[in-house]
Structures are given as C-alpha cells and as structure tokens.
Amino acid sequence: MLFEYDSLRRQIFTDGRAHDTSLGPSWMGDSIGHWDGDTLVVDTVNFNDKTWIDRVGHPHTDALHLVERIRRINHDHLFDDISIEDPKAYSKPWTVHLDFLLRPKWTLAEQFCEDIENFLDLEKKETSPGK
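This write-up is about the structure you can find in this document.

About the cut-offs
- Residues numbered from 1 in each chain as written.
- Predicted model: local features only at pLDDT ≥ 70, side-chain atom pairs only at ≥ 80, totals over all residues.
- Heavy atoms only, no water.
- Helix = DSSP H or I, 4+ residues; strand = E, 2+ residues; numbered from the N terminus.
- Buried < 20%, exposed > 50% of the residue type's maximum accessible area, 1.4 Å probe, protein only.
- Contact = heavy atoms within 4.5 Å.
- Areas by Shrake-Rupley, 256 points an atom, 1.4 Å probe, with all protein chains shown as cover.
- Core = buried A, V, L, I, M, F, W, Y, C linked by side-chain atoms within 4.5 Å.
- Salt bridge = Lys/Arg side-chain N within 4 Å of Asp/Glu carboxyl O.
- Pairing = 2+ DSSP bridges.
- Phe/Tyr/Trp six-rings, centres within 6.5 Å; stacked < 30°, edge-to-face > 60°.
- Lys NZ or Arg CZ within 6 Å of the ring centre and 35° of its normal.
- Polar contact = N/O pair within 3.5 Å; in protein donor to acceptor, adjacent residues only side chain to side chain.
- Patch = residues over 30% accessible without salt bridge, like charges linked within 9 Å, V, L, I, M, F, W, Y side chains within 5 Å.

1. Some remarks on the overall build of the protein chain
Thought 1: Each helix and strand counted, the protein chain has one helix and six strands in total.
Thought 2: Across the 131 residues of the protein chain, 21% fall into the buried class.
Thought 3: The contacts in the protein chain between residues at least 6 apart in sequence include a share of 34% that link residues at least 24 apart.
Thought 4: For the protein chain, the accessible surface area stands at approximately 9,700 Å², while carbon and sulfur atoms represent 56% of it.

See the structure below:
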C-alpha cells in the first residue's frame with residue numbers, strides 16, 4: 001500500500017510467513033494477510049507508540065493489535081472493517097469501518113509535514129466547518 005502523506009508504504013505479506021518482530025517496533029507495524037473467500041484478512045502487530053490511530057488523536061501503545069477485513073463490494077467500492085485492540089490504552093476492543101471509492105484518474109503526489117506549525121495549520125483548515 002502506498003500513501004501520499006509522508007510517502008509512507010505498508011507491506012502486507014500473504015505468503016504464509018509469521019510475524020517478524022526481530023526488527024523491533026515500527027510506524028506501520030508488521031502486517032500478515034490471508035484470503036478468506038473474497039476478503040483479505042490482515043493481522044498487524046509490532047507498532048511503535050509514536051503515532052495516533054486517527055487524525056482526531058486517539059492514542060495507542062506498543063501493544064496495539066489490528067485485524068482488518070478488506071473486501072471489494074463492487075467495482076468502485078472497497079470496505080475495510082478494522083478491529084482495534086490495545087489493552088494498555090483501551091478497556092475493550094473497538095471497531096472502525098472505512099469506505100474507499102475507486103479514483104482511477106487520481107495520481108499520488110508528495111505530501112510532507114515539514115514543521116509542526118504548518119502541520120497544525122493544515123489540520124485546522126481541514127477540520128474547520130465549511131472546508
């Protein structure tokens with residue numbers, strides 16, 4: 001998976017390997033996937049504790065464990081159901097549902113946060129009413 005923001009990449013291995021925690025915690029964690037019918041089930045562990053779960057600022061610890069069920073419901077729509085478990089940060093597991101729309105004419109561009117002031121300005125603009 002490629003992401004515009006900070007040009008992040010995420011590898012989801014589907015070759016039957018086990019999680020590799022020998023490299024230590026990472027920003028995107030260690031993702032292992034397998035197919036369950038037409039659904040890609042992704043198990044991710046081994047995160048560092050330096051990120052948020054979302055743009056709102058929900059924290060997590062190094063105990064974060066994600067399980068995603070990614071499926072294409074039709075040609076233009078992809079659903080990702082995410083189970084979030086982090087016993088150091090939350091009293092019980094919780095779930096999130098993300099919908100993605102196919103955008104075949106879009107291209108990935110670079111987007112970097114060069115300093116905290118510019119990042120905070122960007123966040124303010126994106127969360128302001130009417131923006």
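From this point, the narrative continues.
2. Description of the nonpolar core
Thought 1: With five residues, the main nonpolar core is built from F47, L64, L66, I82 and I84.
Thought 2: Those residues in contact with L66 that lie beyond four places of it in its chain are V42, D43, T44, F47, I82, S83 and I84.

3. Regarding the pattern of salt bridges
Thought 1: Under the defined criterion, the tally for this structure stands at five salt bridges.
Thought 2: Across the pair D62 and K88 runs a salt bridge, and its minimum N-O distance is 2.8 Å. One end of the pair, D62, is in the loop between β3 (39–45) and β4 (65–74); the other, K88, is in the loop between β5 (77–85) and β6 (94–101), with 26 residues separating them in the sequence.
Thought 3: Classification of D62 as partly exposed rests on a relative accessible area of 42%.
Thought 4: Salt-bridge contacts for D81 lead to R71; the nearest nitrogen and oxygen are separated by 2.7 Å. Here the residue D81 occupies a position in strand β5, and R71 occupies one in strand β4, the gap between them amounting to 10 residues.

4. Describing the sheet that holds strand β1 (residues 12–13)
Thought 1: With mixed pairing, six strands are arranged side by side in an open sheet as β1-β2-β3-β4-β5-β6. Each of the sheet's edge strands pairs with one partner strand only, and the pair in question is β1 and β6.

5. Quick notes on unusual backbone geometry
Thought 1: The phi torsion at N46 lies on the positive side, around 70°, for a residue other than glycine.
Thought 2: Relative to the elements of secondary structure, N46 occurs in the loop between β3 and β4.
Thought 3: Judged by its relative accessible area of 16%, N46 is buried.

6. Some points on the packing of aromatic side chains
The relative placement of two aromatic rings is captured by the distance of their centres and the angle of their planes.
Thought 1: Within this structure, the stated rule accounts for one aromatic pair.
Thought 2: Ring geometry for Y90 versus W94: centroids 5.5 Å apart, planes at 70°, classification edge-to-face.
Thought 3: Over the ring of F13 we find R17, and its NZ or CZ is 3.7 Å from the ring centre.

7. A closer look at the side chain of T44
Thought 1: Structurally, the position occupied by T44 is in strand β3.
Thought 2: There is a polar contact of 2.7 Å between the side chain of T44 and the side chain of S31.
Thought 3: Setting aside residues up to four positions removed in sequence, T44 forms contacts with R10, H19, M28, G29, D30, S31, L64, H65, L66 and E68.

8. Remarks on a nonpolar patch on the surface
Thought 1: A cluster of nonpolar side chains, namely L78, L98 and F100, defines an oily patch on the protein surface of about 230 Å² accessible area.
Thought 2: Among the secondary structure elements, F100 is positioned in strand β6.
Thought 3: What makes F100 partly exposed here is its relative accessible area of 39%.

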